[in-house]
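Notes for the structure review
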Amino acid sequence: GSASISYSHDDYATFSTAKTLDMTLKQKKLDAGLGWFRTRAWKIVDTANRPFRASAFEVEWETSEE
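These lines cover the structure that appears in this document, whether it is placed above or below. Keep in mind the model is a prediction, meaning the values are calculated, not measured.

Here we look at the sheet that holds strand β1 (residues 2–8)
Strand order in the open sheet formed by three strands is β2-β1-β3, with antiparallel pairing between adjacent strands. The open sheet is flanked by β2 (19–22) and β3 (41–46), the only strands paired with a single partner. Averaged over all adjacent pairs, the angle separating strand axes in this sheet is 25°, with direction ignored. When β1 meets β2, the two strands line up antiparallel, connected through four bridges. Note on β2: the bridge partner recorded for I5 is K19.

As structure tokens, then:
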């Protein structure tokens, strides 16, 4: 299965176009330019017909001079 991840900057009123994660991989990685933000709400939708539980959502980022 896969999971779709999108985000909102306006208190859940609208969400970004979803990015897809392959949930069959042992280590999931989302390579995407996520832009500038101070706070963000996340929506994760799992497409597999099975229970889904997440215990953490870890984010690593790199700063750029652009």
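On we go.
Considering the environment of L25
Tracing the backbone through its elements, the reader meets L25 in the loop between β2 and β3. A sequence separation of 24 residues divides L25 from G1, and the C-alpha atoms of the two residues are 9.9 Å apart.

With respect to a nonpolar patch on the surface
Where nonpolar side chains cluster on the molecular surface, the patch consists of I44, F52 and F57 and spans about 270 Å² of accessible area. Tracing the chain through its elements places F57 in the segment after β3. Looking at F57, the relative accessible area reads 42%, which means it is partly exposed.

Conventions used here
- Residues numbered from 1 in each chain as written.
- Predicted model: local features only at pLDDT ≥ 70, side-chain atom pairs only at ≥ 80, totals over all residues.
- Heavy atoms only, no water.
- Pairing = 2+ DSSP bridges.
- Helix = DSSP H or I, 4+ residues; strand = E, 2+ residues; numbered from the N terminus.
- Axes fitted to C-alpha atoms, helices over the stretch in contact; angles between N-to-C directions.
- Patch = residues over 30% accessible without salt bridge, like charges linked within 9 Å, V, L, I, M, F, W, Y side chains within 5 Å.
- Areas by Shrake-Rupley, 256 points an atom, 1.4 Å probe, with all protein chains shown as cover.
- Salt bridge = Lys/Arg side-chain N within 4 Å of Asp/Glu carboxyl O.
- Buried < 20%, exposed > 50% of the residue type's maximum accessible area, 1.4 Å probe, protein only.

Functional significance is not addressed by these values, which are geometric in nature.
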